[in-house]
Amino acid sequence: MDLEETREFRERCSQCAAVSWGLTDEGKYYCTSCHNVTERSREVIDTGAIPNTKIQAINRGLKRKRKLEKGWDWYVCEGFQHILYQQAEALQSLGVGPELKNEVLHNFWKRYLQKSKQAYCKNPVHTSRRKTTVLEDNSSHSDWESEPELLSDVSCPSFAESGAESQPDVRTPKPFPIIKASHSETTSVCSGSLDGVEYSLRKEKGIMKMSVPRTLAFCYLSLLWQRETITLSDLLSTYLILKVFQKYRFVEEEHIPYIHAFQHFPEEMKLYGRDKGIFAIESWPNYEVIFKKIIEVATFLDLPRFPDITENCYLHPNILCMKYLMEVNLPDEMHNLTCLVVKATGIGEVDFLRFDPIAKKAKTVKYDVQAVAVIVVALKLLFLLDDNLEWSLSNIAKKYNEKNKEDKPWFDFRKWYQVMKKAIDEKKQKWEEARAKFLWKGEKPIYYSAIDRPVVYKRREMLVSLQKQFSTLVDSAPNIEKKKPSSFQFNWTEEDSERPCFHGHSLQGVLQQKGQSLTTKNSLYWLSTQKFCKSHCKHVTTYEESNFSLSYQFILNLFSFLLRIKTSFLHEEVSLIEKRLFKAKYNKTNKKSSRSRKTRKC
């Protein structure tokens, strides 16, 4: 190093005439042959205004490597609590009442910590080789052994106060027991959290391990308890975190932290090693997966019966049907038919819609999928959707509209199909492009060990630099301000000539007067499923596109994209609605099959 620093000084030594110089701690030149110290010192250029330059320190004491910076001592459950807190804050900013965070979600989380024996009990679960001491100086911890009362625990601090849970302020009330960690715990080289390694290896029967997808289950259960105006599909769509396009779904724009939830951790909460497998998410939230986790969480917590879903609640099928009819630009008059389907099938009854996790025959209702399935059944009742009748009825409506331009227009299925096909294709293309451009690497990278830290951060800097360069080349337009999210993905207005609104169109072309009531001109109906799978089978029925008409496929694909669910998932729900609506038909088929079996036996 001295040779490089003294290369510019080529004078001979006054004592031995040698040209071999070194630098003292004070920055003066000395001869390495006779150790003669000169009065000359190395000139250091001020490079404060020059970018991308380094000033090499003369003092050799500064050349020592820095020790690894230590952060707070924190446990995995505290990390999940921080994610839940941020999600609750995000939901509150979207219009949800503060009771969801301070009362409902707080009590659910407190119940989980007690059920999993992580807190609110005398002997919290700790690892075998790490010892922790629970301090009993807080009187609020005396009732940890008792079962927490849901929505009635006044002595417990509010969930809002747990936002700074990881801060070492003992005076602040905390829902966690006060834990004193030994010094050996803070030197974990396998994870930033104290119990990251043990938590990832922990497999105890009857204990549900927390995960990032299960935080969505906690949020939805809290929303369902409060009967808020957010469905599960709205919640999950909000989580997809698509920043490239200005979409209207909640999770898709990171209005609610999910994929990069650990980015919102305080700087003092260091994440590396095994923490990556616990908190890092590398897949989009799936409706079916999250719905199963909702059932798992509710069952594990032994939650009591949820509040009733009445006709005035947003999650009632009549209200949701109205919402989705507006979403897909269908006539308002169809709502009368969907209400009749809901009444005939009994899916609007309070007992059917009630969620009771601890009941012997617990019913789990997919409120949004069920409402969409009702609309599909109503469309089949009106237009049959057999690639024949709907087009002939469209021709009749087209002729009527051409002759009677001043009257209320009849609903034209073909014209509606063309408008929706174009709109949904454009929306799908933007959605797929945004997903393709999504960056899975967060701004705060997670590394496996302290050795990998500089390499990971260097790669991150290179990635950001390349992104800036390519963004200036590809798109120089300024960033558009993020819009407030909405549960509606489409906006239909009468003034838009390219995308006409069908809300005010009449159904007289497909209905006929029979006595004092209106009935459909179509008297036929085909069942989506002739025979259901057995009870031990995982699915209700199978769905193969080749077995169904193109019109039916388009309707299913349209609603499946709106809810971000699989087409087969919606087809199953349609089949279940039809099973309740046409009990007589299914009973006849079952009797015929049983008779044929008896004749075969004989």
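Residues numbered from 1 in each chain as written. Predicted model: local features only at pLDDT ≥ 70, side-chain atom pairs only at ≥ 80, totals over all residues. Heavy atoms only, no water.

> Is there a simple way to explain the overall build of the protein in this structure?
Looking only at helices and strands, the protein features 18 helices and seven strands. With 602 residues in all, the protein has 48% of them scored as buried. Carbon and sulfur atoms make up 50% of the accessible area of the protein, which totals about 33,500 Å². (Helix = DSSP H or I, 4+ residues; strand = E, 2+ residues; numbered from the N terminus. Buried < 20%, exposed > 50% of the residue type's maximum accessible area, 1.4 Å probe, protein only. Areas by Shrake-Rupley, 256 points an atom, 1.4 Å probe, with all protein chains shown as cover.)

> I would appreciate a short explanation of the packing of helix α10 (residues 334-345) against helix α12 (residues 367-383) in the present structure.
Each packed pair of helices is defined by two parameters, the angle between the axes and the distance between the axes. Close contact between α10 and α12 brings their axes to 9 Å; oriented N to C, the two are set at 110°. Relative to α12, the element α10 is oriented roughly perpendicular. Relative to α12, the crossing made by α10 is right-handed. Only V374, I375, V377, A378, L379, L381 and L382 of α12 make contact with α10, whose side of the interface consists of M334, L337, T338, V341 and V342. Of the residues in the contact of α10 with α12, the class split is 11 nonpolar, one polar and no charged. (Axes fitted to C-alpha atoms, helices over the stretch in contact; angles between N-to-C directions. Parallel < 35°, antiparallel > 145°, perpendicular 65-115°, else oblique. Left-handed = near helix turned anticlockwise from the far one by under 90°. Contact = heavy atoms within 4.5 Å. Nonpolar A, V, L, I, M, F, W, Y, C, P; charged D, E, K, R; others polar.)

> Whenever I open this one, the nonpolar core confuses me. Can you help?
Nonpolar side chains in soluble globular proteins generally cluster together in the buried interior. Core analysis: the biggest nonpolar cluster contains 132 residues, and F80, Y112, F218, F279, Y367 and W416 have the highest contact counts within it. Element by element, the count of residues in this core is highest for α12, at 14 residues. In this structure, F80 is in contact with W109, Y199, M210, S211, V212, T215, I278 and F279, ignoring residues within four places of it in sequence. (Core = buried A, V, L, I, M, F, W, Y, C linked by side-chain atoms within 4.5 Å.)

> How do you make sense of the pattern of salt bridges when you look at a structure like this?
In a structure, side chains of opposite charge can pair up when their charged atoms sit close to one another. Evaluation of the coordinates by the stated rule reveals 10 salt bridges. For E333, the salt bridge identified is with K408, shortest N-O distance 3.3 Å. Of this pair, E333 sits in the loop between α9 (317-327) and α10 while K408 sits in the loop between α13 (389-403) and α14 (413-436), and the two are 75 residues apart along the sequence. A salt bridge links K421 to D425, with the shortest nitrogen-to-oxygen separation between them at 3.0 Å. Within this pair, K421 and its partner D425 are both found in helix α14, separated by four residues, close to a single helical turn. Linked through salt bridges whose partners overlap, the residues forming this network are D308, D351 and R354. (Salt bridge = Lys/Arg side-chain N within 4 Å of Asp/Glu carboxyl O.)

> Got a minute to help me understand the side chain of E228 in this structure?
Tracing the backbone through its elements, the reader meets E228 in the loop between α5 (212-226) and α6 (232-237). Every residue in contact with E228, bar those within four places of it in the chain, is listed here: V96, G97, L223, Y314 and L315.

> Teacher, can you tell me more about the pairing of strand β7 (residues 517-520) here?
Remember that side chains alternate between the two faces of the sheet whenever the strand is regular. As defined by bridge partners, strand β6 (residues 511-514) adjoins β7 across four bridges and the pair is classed as antiparallel. Bridge pairing in β7 links K514 to S517. The turn joining β6 and β7, which pair antiparallel and follow one another in sequence, is formed by two residues; a positive phi near 70° is taken by G515. (Pairing = 2+ DSSP bridges.)

> Would you explain the confidence of the model for the protein in this entry?
The predicted structure's coordinates, where accompanied by low pLDDT, should not be read in detail. On average, residues of the protein score 76 in pLDDT, and 71% of them reach the 70 mark or higher. Strand β4 (residues 132-134) is the least confidently modelled element of the protein, averaging 38 in pLDDT, while α12 averages 97, the highest of any element. Counting contacts from residues 44-68, a segment whose pLDDT is below 50, to residues more than four positions away or on other chains yields 19 contacts. Low pLDDT, under 50, characterises residues 594-602; the stretch is placed with one contact to residues that sit more than four places away or in other chains. (pLDDT = per-residue confidence, 0-100.)

> What am I meant to see in the environment of E311 here?
Inspection of the secondary structure puts E311 in the loop between α8 (287-301) and α9. Separated by 37 residues in sequence, E311 and G348 place their C-alpha atoms 7.6 Å apart. With sequence-adjacent residues up to four places away left out, E311 is seen in contact with H316 and I319.

> Hey, could you run me through helix α3 (residues 99-115) in this one?
Helical geometry: 3.6 residues make up each α-helical turn, so side chains three or four residues apart lie on a common side. Counted at 1.5 Å a residue, the expected span for α3 with its 17 residues is 24 Å, and the 23 Å between its end C-alpha atoms agrees. Maximum bend of α3: about 35°, positioned at H106. With 13 of its 17 residues buried, α3 lies for the most part within the structure. The positive-phi residue at the C-terminal boundary of α3 is K117, with phi of around 60°. (Expected span 1.5 Å × (residues − 1). Bend = angle between axes of the 7 residues up to and from the residue.)

> Can you walk me through the environment of W74 in this structure?
Relative to the assigned elements, W74 resides in the loop between β3 (37-41) and α2 (76-93). Spatially, the C-alpha atoms of W74 and G192 are 8.2 Å apart, while their sequence positions differ by 118 residues.

> Hey, could you run me through the packing of α14 against helix α16 (residues 550-563) in this one?
Closest axis-to-axis distance for the α14/α16 pair is 11 Å, and the angle between their directions is 45°. Considered as vectors, α14 and α16 are oriented oblique to each other. The chirality of how α14 crosses α16 is left-handed. Residue-level inspection shows F413, W416, Y417, M420, K421, I424, K427, K428 and W431 of α14 in contact with α16, the latter providing S551, F554, I555, L558 and F561. Residues that form the contact of α14 with α16 fall into these classes: 10 nonpolar, one polar and three charged.

> How should I be thinking about the packing of aromatic side chains in this particular structure?
According to the stated counting rule, one finds 31 aromatic pairs in the structure shown. For the pair Y112 and F218, a centre-to-centre distance of 6.0 Å together with 80° between the ring planes defines the contact as edge-to-face. Here Y112, found in helix α3, pairs with F218, found in helix α5; they are 106 residues apart in sequence, far enough to count as distant. For F218, a relative accessible area of 0% puts it in the buried group. Feature note: the residues F383, W391, F411, F413, W416, Y417, F502 and F554 constitute an aromatic cluster, connected by ring pairs. The aromatic ring of W492 is capped on one face by R499, whose charged end is 4.7 Å from the ring centroid. (Phe/Tyr/Trp six-rings, centres within 6.5 Å; stacked < 30°, edge-to-face > 60°. Lys NZ or Arg CZ within 6 Å of the ring centre and 35° of its normal.)

> What is the right way to read unusual backbone geometry from this model?
Backbone phi values are negative for most residues with the exception of glycine, while trans is the configuration of most peptide bonds. Not every positive phi belongs to a glycine, and K117 is a case in point at roughly 60°. Considering the arrangement of structural elements, one finds K117 in the loop between α3 and β4. Residue K117 is classed as partly exposed on the basis of its relative accessible area of 43%. If you check the backbone angles, N329 has positive phi at about 65° while not being a glycine. Accessibility expressed as a relative area gives 0% for N329, which makes it buried.

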